[in-house]
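Structural features, examined
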Amino acid sequence: MAYPQTRLDQKLRNIRAGNYKRSDFIIADAKDGDMGSGLAATGFARSEDGGQGRVRTRAEFLDQIQAIVEQDIVDVMLVSASNLELLHERGVFRHSAVKPAIRANDTTDCWGGVRHQAYTKHPSRHFRTANISRVMYGTNEPAIGAPVAGTDLGLYSVTFLNDIDHDYEALDAFAAFREEAADNNFKYFFEVFNPNVDCGLGRAEIGEYINDSILRCLAGVTKADRPQFLKIVYNGPKALEELASFDPDLVVGVLGGGAGTTRDTFELLHQAEKYGGRVALFGRKINLAEDPLALLVLMRQVADGTIAPDEAVKAYHGELAKAGLKPKRGLEDDLAITEDVLKPAALRQAA
């Protein structure tokens, strides 16, 4: 399969060349929740008034992904390898400028959506399901030069725990992945989670620890094997600005985390761009919205700087009203910033 030129390719070139404009900010939809969950990974169908209904079927989930790709606002669509296969059977990406990507590994701290699970109480462990050659070429072994059957881009994630045995093992697995990726001409972006168990560090210290860990683990990686961009937890303005300003060739993106309020969604996007982030990769914030398509229109406008986060919330509620959809929260509640890291410093200290 020959992919058309994607917006992601051009935007990354602009960013690395020092020609970044706000229109180059990259928005990715993370629809890979089935790699760490079960039925609820698909989100929920909506009743006629927009209220939350039953869990979506897999086919309905694929319909939602297809609608978002065809809307042509997001720059990257991240899915599981199995769902990418079905989306290709539908021809979803055939003429699209949206870049498909797969989750190339699934660390155990992502398994929180499994009902009755206890995995996430334990330190994260690395794990890989997807076969890169199969995803890229449709073969069990590398087939360099063959058409790309699935995609040549994936997400690889690591969770650092400030524990020498754990982190040594995780970095050893990361090295093995990079070797396999190189054998297949496969590109990746690098997700680094905050520790999923207590490691004795506060929020500010975690931000510094994660920044240093990222730079340390990439210091021995030459250009050919470095990630296309990063996906990290937003640990506040200072931590993001520190990392984003250190190396202009390292494109930093933030992950979405929990669903939060609609203001949380727009505020995180706004702050990420303001403090040097160039990518937003949101999963639940999009998947659990009353109207994901309307949300994405306004996310693009917030990223472009044409609307402020609070005004975007009001506009979103206006779109819900026009569509006859019932919001999950009243407007005043939905205007609230509920994620502590997004609150102004004075409010965080007061809390």
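Cut-offs used in this document
- Residues numbered from 1 in each chain as written.
- Predicted model: local features only at pLDDT ≥ 70, side-chain atom pairs only at ≥ 80, totals over all residues.
- Heavy atoms only, no water.
- 1 Å grid on protein atoms, 1.4 Å probe; cavity = no way out; pocket = protein on both sides within 12 Å on 5 of 7 lines; lining within 4 Å.
- Points joined across faces, edges and corners; volume = space filled by probe spheres on them.
- Helix = DSSP H or I, 4+ residues; strand = E, 2+ residues; numbered from the N terminus.
- Nonpolar A, V, L, I, M, F, W, Y, C, P; charged D, E, K, R; others polar.
- Pairing = 2+ DSSP bridges.
- Axes fitted to C-alpha atoms, helices over the stretch in contact; angles between N-to-C directions.
- Buried < 20%, exposed > 50% of the residue type's maximum accessible area, 1.4 Å probe, protein only.
- Arc of directions from axis to C-beta.
- Contact = heavy atoms within 4.5 Å.
- Expected span 1.5 Å × (residues − 1).

Next up on the list: the layout of surface pockets. By volume, the largest pocket amounts to about 810 Å³. Considering the residues around the largest pocket, the lining is formed by 32 residues, among which D32, G33, C110, G257 and R284 are closest to the centre. Of all elements in the fold, only β1 (26-31), β7 (187-193), β10 (279-282) and α9 (284-287) reach the threshold of two or more residues within the lining of the largest pocket. Broken down by class, the residue content of the lining of the largest pocket amounts to 12 nonpolar, 13 polar and seven charged. Looking at the second largest pocket, it is lined by 16 residues, and the ones nearest its centre are K223, A224, D225, R226 and Q228. Counting residues per element, the ones that place at least two in the lining of the second largest pocket are α5 (164-184) and β7. By residue number, the principal contributor to the lining of the second largest pocket is α5, which donates three residues. Each residue belonging to the lining of the second largest pocket can be placed in one class, and the counts come to seven nonpolar, two polar and seven charged.

Here we take up the sheet that holds β1. In space, the eight strands of this closed barrel follow the order β1-β4-β5-β6-β7-β8-β9-β10, with parallel pairing throughout. Shown here is a sheet whose adjacent strand axes are inclined to one another by a mean of 25°, direction ignored. Relative to strand β5 (residues 99-103), strand β4 (residues 76-79) runs parallel, the two being bridged by four bridges. Among the inter-strand pairings, V79 is bridged to a residue of β5, identified as I102.

Where helix α7 (residues 237-246) is concerned, the buried positions are A239, L240, L243 and A244. Looking straight down α7, one finds its buried side chains confined to an arc of 115°; they lie on one side. Opposite the packed face of α7, turned more than 90 degrees from it, sit the exposed residues K238, S245 and F246. Looking at the packing, one finds that the buried side of α7 touches α6 (203-218), β8 (230-232), β9 (252-255) and α8 (262-274).

For α8, which comprises 13 residues, the first-to-last C-alpha distance of 18 Å matches the rise-based estimate of 18 Å (1.5 Å per residue) to within 8%. Of all 13 residues that make up α8, 11 are buried, and the element is covered over most of its length. Along α8, the residues that are buried comprise T262, R263, D264, T265, F266, E267, L268, L269, Q271, A272 and E273. Downstream of α8 by a residue or two, G276 has a phi angle that is positive, lying close to 105°.

Turning next to empty space enclosed by the protein. Within this structure, the stated rule accounts for three cavities of 30 Å³ or more. One number sums up the size of the largest cavity: a volume of about 90 Å³. Lining the largest cavity are 13 residues, and of these G260, T262, K285, A289 and K328 sit closest to its centre. A per-class count over the lining of the largest cavity returns four nonpolar, four polar and five charged. In terms of lining, the second largest cavity is formed by G207, I210, N211, I232, V233, Y234, N235, G236, A239 and L240. When residues in the lining of the second largest cavity are grouped by element, the largest group, three residues, is from α6.

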